Amino acid sequence: MNKVDVAIIGGGPAGLSAGLMLGRARKQTIVIDAGRPRNAVTREAHGFLTRDGISPGEFRRIAQEQLRVYPSVSQAEDTVVSISGEDGSFLLETATGMKIASKKLLFAAGMKDRKLEIPGLAEVYGKSAFVCPYCDGWELRDEPLVVISRGAALMHFAPLLSGWTKRFVVCTNGPDELSQAERDELRDHGIPLFDTPIRAIISSEGMVNHVVLEDGTEIPCTGIFFKSELVPGTDLPQSLGCRISDAGVIAVDEFGKSSVPGVYAAGDASSLMHQSIAAAASGAVAAAAINGELNQEAWQKTQ
């Protein structure tokens with residue numbers, strides 16, 4: 001039985017950042033990660049000060065290496081399959097049969113993509129098709145793009161993307177879920193709108209060339225932004241009773257504390273801000289809150 005102060009489920013920017021903070025706070029910590037990061041398809045990560053343009057794999061390698069400096073932190077490539085217990089006494093079991101007793105939990109497993117149903121989209125995802133303009137908009141600035149989205153998400157995204165390029169076409173891949181006023185708004189901004197289903201995305205070596213609709217229409221473009229379908233990286237928070245927000249993420253307070261005592265969440269697991277630097281920051285904040293809680297509890301026991 002491995003006994004730790006904190007078990008971190010997920011070893012992306014949020015989990016590794018939390019591990020660093022807790023290691024420096026001298027807390028026995030284990031970071032458990034399956035080794036299948038969502039951003040593995042991405043060639044470069046952007047917007048992270050001092051690491052702009054780094055590959056996600058290299059980012060993780062450097063972070064994991066830095067954690068090895070701290071003897072109280074261990075790392076395991078594994079998957080947590082069950083959690084029981086309560087604050088101060090959680091019991092975790094992994095796919096390999098490892099058992100871990102932990103006082104506190106931090107969920108940092110993030111989200112994962114549903115299968116990409118549009119033919120050809122998987123081939124360009126992370127190479128010339130992206131989900132976040134803050135991460136990849138600069139590289140596609142002023143380029144002719146196709147936006148695959150619909151409804152309220154589209155009406156939020158279109159004005160946002162216009163800061164990087166005005167040259168984009170919207171494909172809703174079926175009913176647009178827009179009001180007539182919203183269609184008029186897009187038209188007034190010179191944005192073509194197609195609601196015919198997409199037949200295929202045509203590309204070469206990951207670089208998109210054009211989008212073909214079911215009616216034969218071909219839309220040339222050099223890049224794509226699309227709204228991905230996401231599901232939680234793990235359903236263990238729900239099994240513990242953590243409240244899930246209307247947005248589908250773990251509901252937490254400003255310090256990453258969930259509705260269940262002793263359980264915290266950070267990164268994409270608890271936020272719609274899907275940027276590495278935001279995830280790392282939230283991991284550090286949650287780790288500091290966990291450390292403070294552990295220290296306070298130890299302080300009270302000695303009285």
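Everything numeric here is computed off the predicted structure, so don't read it as measured data.

K.L.:
Could you clarify how one ought to interpret the overall build of the protein chain in this entry?
P.N.:
Secondary structure assignment for the protein chain yields eight helices and 17 strands. Computed over its C-alpha atoms, the radius of gyration of the protein chain comes to 22 Å, within 12% of the 19 Å expected for a compact globule of 303 residues. Projected onto its principal axes, the C-alpha coordinates of the protein chain cover approximately 70 × 35 × 35 Å. Expressed as a percentage of the 303 residues in the protein chain, the buried residues total 47%. Contacts spanning at least 24 positions in sequence make up 57% of the contacts within the protein chain whose residues lie at least 6 apart.

K.L.:
Would you explain the packing of helix H1 (residues 13-24) against helix H2 (residues 56-67) in this entry?
P.N.:
Helix packing for two helices is described by the angle between their axes and how far apart those axes are. For the pair H1 and H2, the least separation of the axes is 9 Å and the interaxial angle reads 20°. Classified by the angle their axes make, H1 and H2 are roughly parallel. For H1 against H2, the interelement crossing comes out left-handed. Residues Pro13, Leu16, Gly19 and Leu20 of H1 form the contact with H2, whose own contacting residues are Phe59, Arg60, Ala63, Gln64 and Leu67. Tallied by class, the residues present in the contact of H1 with H2 amount to six nonpolar, two polar and one charged.

K.L.:
I would appreciate a short explanation of the sheet that holds strand S12 (residues 198-204) in the present structure.
P.N.:
Whenever strands of a sheet pair, they do so through backbone hydrogen bonds, lying parallel or antiparallel. On the basis of which strands lie adjacent, the open sheet formed by three strands has the order S12-S13-S14 and antiparallel pairing. The sheet is open, and its two borders are formed by S12 and strand S14 (218-220), each paired with just one other strand. Put simply, the sheet's adjacent strands are angled 25° from each other on average, direction ignored. Where strand S13 (residues 207-213) meets S14, three bridges bridge the pair, whose relative direction is antiparallel. The residue of S14 that forms the bridge with Val211 is Ile219.

K.L.:
What am I meant to see in the pattern of salt bridges here?
P.N.:
Pairing between side chains becomes possible if they bear opposite charge and their charged atoms approach one another. Scanning the entire structure with this criterion turns up 14 salt bridges. As a salt-bridge pair, Asp33 and Arg60 come within 2.7 Å of each other at their nearest N and O atoms. Note that Asp33 is positioned in strand S2 (residues 29-33) and Arg60 in helix H2, a separation of 27 residues in sequence. Using a relative accessible area of 19% as the deciding quantity, one classes Asp33 as buried. Counted as one network, the salt bridges with shared partners bring together Asp87, Lys104, Lys257, Glu293 and Glu297.

K.L.:
Explanation requested: the packing of aromatic side chains in the structure shown.
P.N.:
What describes a pair of aromatic rings is the distance from one ring centre to the other and the angle between the planes of the rings. The final tally for this structure, using the stated rule, is five aromatic pairs. Arranged with centres 6.3 Å apart and planes meeting at 50°, the rings of Phe130 and Phe225 form a pair that is tilted. Of this pair, Phe130 sits in strand S8 (residues 129-130) while Phe225 is found in strand S15 (residues 223-226), placing the two residues 95 residues apart along the sequence. Residue class for Phe225 comes out buried when judged on its relative accessible area of 1%. Among the aromatic residues, those joined into a cluster by ring pairs are Phe130, Phe157 and Phe225. Stacked on the ring of Trp138, the Lys or Arg Arg141 has its end atom at 3.8 Å from the ring centre.

K.L.:
Mind showing me how you'd approach the environment of Gly190 here?
P.N.:
Mapped onto the elements, Gly190 comes out in the loop between helix H6 (180-188) and strand S11 (193-194). In this structure the C-alpha to C-alpha distance between Gly190 and Lys166, which are 24 residues apart in sequence, comes to 8.5 Å.

K.L.:
Would you mind showing me how to read H2 here?
P.N.:
In an α-helix, one turn spans 3.6 residues, which is why side chains three or four residues apart end up on the same side. With twelve residues, H2 should reach 16 Å at 1.5 Å per residue; the first-to-last C-alpha distance of 17 Å fits that figure. Among all positions of H2, only Pro56, Phe59, Arg60, Ile62, Ala63 and Leu67 are buried. For H2, the angular spread of buried residues about the axis comes to 165°, placing them on one side. Buried-residue contacts for H2 involve H1, S2 and strand S3 (73-77).

K.L.:
I'm lost on the sheet that holds strand S10 (residues 168-171) in this one. Help?
P.N.:
Spatial strand order, S8-S15-S9-S10-S11: five strands in an open sheet with parallel pairing. One side of each edge strand has no neighbouring strand; the edge strands of this open sheet are S8 and S11. Sheet topology places strand S9 (residues 145-148) next to S15; four bridges connect them, and they run parallel. Bridge pairing links Ile148 to Phe226 in S15.

K.L.:
Explain the packing of H1 against helix H8 (residues 276-301) here, please?
P.N.:
For the pair H1 and H8, the least separation of the axes is 7 Å and the interaxial angle reads 40°. Relative to H8, H1 is oriented so that their crossing is right-handed. Contacts from Pro13, Ala14, Ser17, Ala18, Met21 and Leu22 of H1 reach H8 at Ser276, Ala279, Ala280, Gly283, Ala284, Ala287, Ala288, Ile290 and Asn291. Considering only residue class, the contact of H1 with H8 consists of eleven nonpolar, four polar and no charged.

Basis of the calculations
Residues numbered from 1 in each chain as written. Predicted model: local features only at pLDDT ≥ 70, side-chain atom pairs only at ≥ 80, totals over all residues. Heavy atoms only, no water. Helix = DSSP H or I, 4+ residues; strand = E, 2+ residues; numbered from the N terminus. Rg over C-alpha atoms; globule rule 2.2 N^0.38 Å. Buried < 20%, exposed > 50% of the residue type's maximum accessible area, 1.4 Å probe, protein only. Contact = heavy atoms within 4.5 Å. Axes fitted to C-alpha atoms, helices over the stretch in contact; angles between N-to-C directions. Parallel < 35°, antiparallel > 145°, perpendicular 65-115°, else oblique. Left-handed = near helix turned anticlockwise from the far one by under 90°. Nonpolar A, V, L, I, M, F, W, Y, C, P; charged D, E, K, R; others polar. Pairing = 2+ DSSP bridges. Salt bridge = Lys/Arg side-chain N within 4 Å of Asp/Glu carboxyl O. Phe/Tyr/Trp six-rings, centres within 6.5 Å; stacked < 30°, edge-to-face > 60°. Lys NZ or Arg CZ within 6 Å of the ring centre and 35° of its normal. Expected span 1.5 Å × (residues − 1). Arc of directions from axis to C-beta.

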